[in-house]
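# Structure at a glance
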Amino acid sequence: MMKIKLIRLGPTLFSLVMCCNVFGEKMPSSGQAFSFPEFYFSHDSEGFSTVRYRAGYYPVYKHGENYTGFDYQHNCFSQDSWSSSVRQLSLVTKAVNPRTGFGYKANVGYNFSNGHKLFTTDSTYSGRITDATSFEVFLNRDRVETENSIKNGVHSTLIGGSLDHQLFSGLSASVMVGHMHFSDSNDRTLFRTKLIYNLVPEYGITAQLRYKQFRNSNVSGPLRNYFNPESYNEWMLALGIRKRTNGWTLKGVAGLGRQSIDGELESTTQLLEFAAISPVNQNSYYFKTQLGYGKSAGLQGSNYSNGYIMEQIIFPF
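All residue numbers refer to positions counted from 1 along the written sequence of the respective chain. Only residues with pLDDT of at least 70 get local features here, since the model is predicted, and only at 80 or more are side-chain atom pairs given and counted; chain-wide, interface and lining totals rely on the full set of residues. Only hydrogens and water are set aside; all other atoms, that is, all heavy atoms of the structure, feed into the side-chain values.

A separate point is the overall build of the protein chain. Comment: elements are numbered from the N terminus, with helices defined as DSSP H or I runs of at least four residues and strands as E runs of at least two. The number of helices and strands found in the protein chain is two helices and 16 strands. Residues counted as buried form 43% of the 317 residues belonging to the protein chain. In this analysis, two residues are considered to be in contact whenever any of their non-hydrogen atoms come within 4.5 Å of each other. Sequence separation of at least 24 residues holds for 49% of the intrachain contacts in the protein chain that already meet a minimum separation of 6. With the model as given, the accessible surface of the protein chain reaches about 16,800 Å², and the carbon-plus-sulfur share is 58%. For every residue, the accessible area (1.4 Å probe, protein chains only) is compared with the maximum for its type, and the residue is labelled buried under 20%, exposed over 50%, or partly exposed between those bounds. Values of accessible area rely on a 1.4 Å probe in the Shrake-Rupley scheme; residue burial ignores everything except the protein chains shown.

Here it is in structure tokens:
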């Protein structure tokens, strides 16, 4: 069933590149570009590390948020004395308005490692319903990145959507619902909501109240392939910032929360993220970097933590 959804969604999003201008404005003529190197590194408190290298060629390129082409990605995973690698070839098409953030991205890939083969996707479509309400729908299919999951070829498929609505001047709310199916016979329902208040508008600073929860249908599998309690809940207070300076976009969030796992005693969670994005111009390079740290719960208990850093750079020609 999930494969049918993937096949239907991919061509639909891809046809938008050829058939319509989602922004209703004249775009500059396209050129070409390549992306190299793209890099991602993460390491967690359980000793699991991920390193991703990616290179891309985009024969249709308008700017860093609007292009169509191909990506090659090499993933390396390690934990203690164990290691594994995964390779992936992908077709990617993207058209996002850098001013509003609305548009679409479709990434459809073929992923192979240790005899396990998988068609993957990371696709989204967003837009405005009214002046006060916007939406996003998404579909993601990929491997689950833990040692047991990679050894056993476990993958997940997530489908869902979100709504954002401005309640009144300075205050908005968002709601996301999703369903994730794991190939080891587990289904997870997800729910997230946020209240966002423009605390200092001239500096792009917001105050946020966040809540998220998920429920798993199967918690009695023979292997602990990933963190899958029967229920998980988290409340968080956060400060966010989004600021444009000299064409660059700077954004970040810092939060402190409380989590509950299977209804047991609460413990502290933390979140810290920052990103910098270069100006979006057709004839100039495009650069994006992001780093983050989070502390919540994992396979070994409530004090799981994870840090990551990534960068992307695209050169037009």
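Before going further, it helps to spend a moment on the pairing of strand 11 (residues 205–216). Consecutive side chains of a regular strand alternate in pointing toward one face of the sheet and then the other. In terms of strand pairing, strand 10 (residues 186–200) meets strand 11 through 12 bridges, oriented antiparallel. Bridge pairing in strand 11 links R188 to N216. Between strand 10 and strand 11, which pair antiparallel one after the other, the connecting turn spans four residues, and G204 there sits at a positive phi close to 70 degrees. Pairing between two strands requires that DSSP report at least two bridges joining them. Across 11 bridges, the pairing between strand 11 and strand 12 (residues 231–245) is antiparallel. When the sheet's bridge partners are listed, Y211 is paired in strand 12 with W235.

Another point: the pairing of strand 8 (residues 155–168). Bridge analysis of strand 7 (residues 133–143) against strand 8 gives 11 bridges, and the strand direction is antiparallel. Across the sheet, the residue bridging to R141 is T157, located in strand 8. Where strand 8 meets strand 9 (residues 171–182), 12 bridges bridge the pair, whose relative direction is antiparallel. Looking across to strand 9, one finds that G160 is bridged to G178. Here strand 8 hands over to strand 9 after two residues, with G170 in that stretch at a positive phi of 90 degrees.

It is worth spelling out the environment of F227 at this point. Tracing the sequence through the fold places F227 in the loop between strand 11 and strand 12. Between the C-alpha atoms of F227 and G301, which are 74 residues apart in sequence, the distance is 9.2 Å. Residues within four places of F227 in sequence aside, it is in contact with R188, F214, Y232, I261, A297, G298 and L299.

In this section: the packing of aromatic side chains. Centres within 6.5 Å make a pair out of two Phe, Tyr or Trp rings, where for Trp the six-membered ring is used; the pair is then stacked when the planes are under 30 degrees apart, edge-to-face when over 60, and tilted otherwise. Counted according to the given criterion, the structure contains 18 aromatic pairs. Judged by centre distance (6.2 Å) and plane angle (25 degrees), the rings of F48 and W82 are stacked. Residue F48 is located in strand 2 (residues 48–63), and its partner W82 is located in strand 4 (residues 82–96); the two are separated by 34 residues in the primary sequence. The two residues F48 and W82 agree in class, both being buried.

Glancing now at the pattern of salt bridges. Criterion for a salt bridge: a side-chain nitrogen of Lys or Arg within 4 Å of a carboxyl oxygen of Asp or Glu. With the rule as written, the count across this model stands at seven salt bridges. Ionic pairing is found between R54 and E38, a salt bridge with its closest N-O pair at 2.6 Å. Of this pair, R54 sits in strand 2 while E38 sits in strand 1 (residues 31–44), and the two are 16 residues apart along the sequence. Here D122 ties to K105 by a salt bridge, and the two come within 3.3 Å at their closest N and O atoms. Taken as a pair, D122 in strand 6 (residues 116–128) and K105 in strand 5 (residues 103–113) lie far apart in primary sequence, 17 residues in all.

Right, let's talk about the confidence of the model for the protein chain for a bit. Residues with a pLDDT of 70 or more make up 90% of the protein chain, whose mean pLDDT is 89. Counting contacts from residues 1–27, a segment whose pLDDT is below 50, to residues more than four positions away or on other chains yields 40 contacts. The quantity known as pLDDT measures the predictor's confidence residue by residue, on a range of 0 to 100.

Before going further, it helps to spend a moment on the side chain of S35. In this fold, S35 is placed in strand 1. Side-chain polar atoms of S35 contact the backbone oxygen of I313, separated by 3.0 Å. Residues within four places of S35 in sequence aside, it is in contact with R54, A55, G56, Y58, Q312, I313 and I314. Identification of polar contacts relies on pairs of N or O atoms within 3.5 Å, with a donor-acceptor requirement for protein atoms, meaning one able to donate a hydrogen and the other able to accept it, and with residues adjacent in sequence counted only if both atoms are side-chain atoms.

Remark: nonpolar core denotes a set of buried residues (Ala, Val, Leu, Ile, Met, Phe, Trp, Tyr, Cys) joined through side-chain atoms within 4.5 Å. Core analysis: the biggest nonpolar cluster contains 14 residues, and F227 and Y232 have the highest contact counts within it. No other element matches strand 9, which puts three residues into this core. With residues up to four places along the chain from it excluded, the contact list for Y232 reads K212, Q213, F214, R215, F227, Q259, S260, I261, T269, S296 and A297. Judged by nonpolar contacts, the second largest core, of eight residues, contains Y58, Y67, V92 and I314.

Inspection of the secondary structure assignment puts L272 in strand 14 (residues 267–277). Separated by 18 residues in the primary sequence, L272 and A254 place their C-alpha atoms 4.5 Å from one another. Other than its neighbours up to four places away in sequence, L272 contacts V253, A254, L291, G292 and Y293.

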